[in-house]
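As a plain string of letters, each chain reads:
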Amino acid sequence: MIPILITGGAGFIGSHTAVALAEAGFKPVILDDFSNSQQSVLQGLETILGHPVSCHVADCNDYNTVLDIFQREKIRGVIHFAAFKAVGESMDEPLRYYHNNLGSLITIMEVMLATGVSDLIFSSSCTVYGEPEELPVTELSPIQPPASVYGNTKQIGEEILSDTVKADKPLKIIALRYFNPIGAHPSAQIGELPLGVPNNLVPYITQTAAGIREQLTIFGDDYPTPDGTCIRDFIHVMDLAEAHVSALQALQVINTTSHYDIFNVGTGQGNSVLELVRTFESVSGQPLNYRIGPRRAGDITAVFADATKVNTRLGWKAKRSLKEALADAWRWQQHLGTSDSAG
Ligand code: UFG
């Protein structure tokens, strides 16, 4: 089995990608500093996979430790998730965000070059498109000036990748621009574990339904959309996880020594916040306590993917429905129970 390093592998997308990789016959090797994740994720992973998972507790910025892990585990490819991701916090702590998100990427790439490992998948975000002028967004849609430090770390991250490949360094890289990942593994053994009050919509919804939060606030219903609420491309996290496997397999058969490409990873469909709430109510069988509040600063009105490139070139397509994603998120919340266990 080919060992693939998953930095941030104990996080939400990383842990689901570990499952998808193992199912595709790779050996996931997790590197995580557990600054925004919990050890219990490993038990969940081991229950799903039926065997222990290799995990190293380390900081991706620590060159010597990362080098040692590459050598000991005989790493042959990397999926680099490890990053801070809270948009609001990034505005208060810019240096922490630039240091962690860019330093870790540079360190990983330096270690890859030092050890002759070529294949890298990078977690980017649809945040690079800002407020798009045309929908759906393709990979050629204009990049907008970043609205947050977090968003800027993704834009600069992409530039670091493309500049390095332009300089003919022997790296084969795919950046995946994620839309809005939601849901959980259907076994309810792993899922999203926000620390404290969730920033994101779906964990806020499931925690409200579980009685942990009193009421969901929908941030604005006066947007220029059919029902006035924002529109996003909500993608099941297992579909997103499987996109990483497809990307890695695509890199493995590329003959050139240097390669860089970018793919949107979304369903291609936009759903409004209110549609998502309604769908959640129908899958959970209970009404959700919500109110309409003011807009949240920095929110984009609508963004969803044109997924043609990833569908045709990587042969990957989202398979799971919004209903399935919300049913899985709800099952996961019920597994966690009603205590604010992550907070
Ligand atoms: N929303 C609410 N109430 C909440 C939380 C969210 O109404 O309590 C709304 C937001 O206003 C937005 C939608 O739900 O319209 C989705 O919000 P999320 O916070 O779940 O997701 P975002 O689209 O804002 O952000 C996500 C990722 C970011 C990434 C961004 C790129 O969380 O990391 O997409 O657009 F940068």
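Structure: see above.
All of these numbers come straight from a predicted model, not from anything done at the bench.

Caption draft 1: Representation of the nonpolar core in the model. Membership of the largest hydrophobic core comes to 45 residues, with the highest contact counts inside it found for Leu-21, Leu-45, Ile-121, Ile-174 and Leu-176. Broken down by secondary-structure element, the contributors of at least two residues to this core are β1 (3-7), α1 (12-23), α2 (40-49), β6 (172-178), α8 (237-252) and β11 (259-265). No other element matches α8, which puts 10 residues into this core. If we skip the residues at most four places from it in the chain, Leu-45 touches Ser-15, Ala-18, Val-19, Ile-30, Val-53 and Ile-190. Of all hydrophobic cores here, the second largest spans 29 residues; its members include Leu-5, Val-29, Val-66 and Ile-262.

Caption draft 2: Structural detail: α8. In a regular helix each residue adds 1.5 Å, so 16 residues correspond to 22 Å; α8 covers 23 Å between its end C-alpha atoms and thus fits that length. Summarising burial for α8: 14 of the 16 residues are buried, a large majority.

Caption draft 3: Quick peek at the packing of aromatic side chains. A full pass over the atoms with the stated rule returns three aromatic pairs. Taking the ring centre of Phe-84 as reference, the NZ or CZ of Arg-96 above it sits at 4.4 Å.

Caption draft 4: Examining the packing of helix α7 (residues 201-209) against helix α9 (residues 273-284) more closely. The N-to-C vectors of α7 and α9 enclose an angle of 35°; their axes lie 11 Å apart at closest approach. As for the relative orientation of α7 and α9, their crossing is right-handed in sense. Along the contact surface, α7 presents Leu-201, Val-202, Ile-205, Thr-206 and Ala-209, while α9 presents Val-273, Leu-276, Val-277 and Phe-280. Here the residues of the contact of α7 with α9 sort into eight nonpolar, one polar and no charged.

Caption draft 5: Up close: helix α5 (residues 94-115). Helix length check: α5, at 22 residues, gives a terminal C-alpha distance of 31 Å against a target of 32 Å (1.5 Å per residue), a fit within 8%. Taken as a whole, α5 has its buried residues at Tyr-97, Asn-100, Asn-101, Leu-102, Gly-103, Ser-104, Leu-105, Thr-107, Ile-108, Met-109, Val-111 and Met-112. Positive backbone phi, approximately 75°, marks Gly-116, located one or two places after α5.

Caption draft 6: Molecular detail of the sheet that holds β11. With parallel pairing, seven strands are arranged side by side in an open sheet as β3-β2-β1-β4-β5-β6-β11. The open sheet has two edge strands with one neighbour each: β3 (54-57) and β11. Across this sheet, the average inter-strand angle for adjacent strands is 20°, counted without regard to direction. For β1 and strand β4 (residues 77-80), the ladder comprises four bridges, and the chain directions are parallel. Note that in β4 the partner of Ile-4 across the bridge is Gly-77.

Caption draft 7: The arrangement of the site of the ligand in detail. In the region of the ligand, 18 residues are neighbours, and Asn-200, Thr-217, Phe-219, Arg-232 and Asp-299 sit closest. Between the ligand and the protein, one listed contact pairs an oxygen atom with a backbone N or O atom of Asn-199 at 3.5 Å. The protein chains hide 88% of the 690 Å² of surface that the ligand would expose on its own. Sorting elements by how many residues they give to the shell around the ligand places strand β8 (residues 216-219) first, with four residues. Class assignment for the residues of the shell around the ligand results in nine nonpolar, six polar and three charged.

Caption draft 8: The packing of α7 against helix α11 (residues 322-336), seen in detail. Close contact between α7 and α11 brings their axes to 10 Å; oriented N to C, the two are set at 55°. As judged from the angle between their axes, α7 and α11 are oblique. The interaxial crossing formed by α7 with α11 has right-handed handedness. Residue-level contacts link Val-202, Thr-206, Gln-207 and Ala-209 of α7 to Leu-326, Ala-329, Trp-330 and Gln-333 of α11. Its residues placed into classes, the contact of α7 with α11 shows five nonpolar, three polar and no charged.

Caption draft 9: Inspection of unusual backbone geometry at higher detail. Pro-136 follows Leu-135 through a cis peptide bond whose omega is -5°. Positionally, Pro-136 belongs in the loop between β5 (119-125) and α6 (149-166). With phi around 55°, Phe-34 is a residue other than glycine that occupies positive phi space. Checked against the element boundaries, Phe-34 lands in the loop between β2 (27-32) and α2. Positive phi is not limited to glycine here, since Asp-168 has a value of about 65°. Locating Asp-168 in the fold gives a position in the loop between α6 and β6.

Caption draft 10: Representation of the environment of Arg-320 within the structure. When you line up the elements, Arg-320 lands in the loop between α10 (308-313) and α11. For the pair Arg-320 and Pro-224, spaced 96 residues apart in sequence, the C-alpha separation works out to 28 Å. Ignoring sequence-local partners within four residues, the contact set of Arg-320 consists of His-236, Met-238, Asp-239 and Glu-242. Only 2.6 Å separates the side chain of Arg-320 from the side chain of Asp-239, close enough to count as a polar contact. Looking at Arg-320, its side chain comes within polar contact range of the side chain of Glu-242, at 2.9 Å.

Each value, and the rule that gives it
Residues numbered from 1 in each chain as written. Predicted model: local features only at pLDDT ≥ 70, side-chain atom pairs only at ≥ 80, totals over all residues. Heavy atoms only, no water. Core = buried A, V, L, I, M, F, W, Y, C linked by side-chain atoms within 4.5 Å. Buried < 20%, exposed > 50% of the residue type's maximum accessible area, 1.4 Å probe, protein only. Helix = DSSP H or I, 4+ residues; strand = E, 2+ residues; numbered from the N terminus. Contact = heavy atoms within 4.5 Å. Expected span 1.5 Å × (residues − 1). Phe/Tyr/Trp six-rings, centres within 6.5 Å; stacked < 30°, edge-to-face > 60°. Lys NZ or Arg CZ within 6 Å of the ring centre and 35° of its normal. Axes fitted to C-alpha atoms, helices over the stretch in contact; angles between N-to-C directions. Left-handed = near helix turned anticlockwise from the far one by under 90°. Nonpolar A, V, L, I, M, F, W, Y, C, P; charged D, E, K, R; others polar. Pairing = 2+ DSSP bridges. Near = heavy atom within 4 Å. Polar contact = N/O pair within 3.5 Å; in protein donor to acceptor, adjacent residues only side chain to side chain. Areas by Shrake-Rupley, 256 points an atom, 1.4 Å probe, with all protein chains shown as cover. Parallel < 35°, antiparallel > 145°, perpendicular 65-115°, else oblique.

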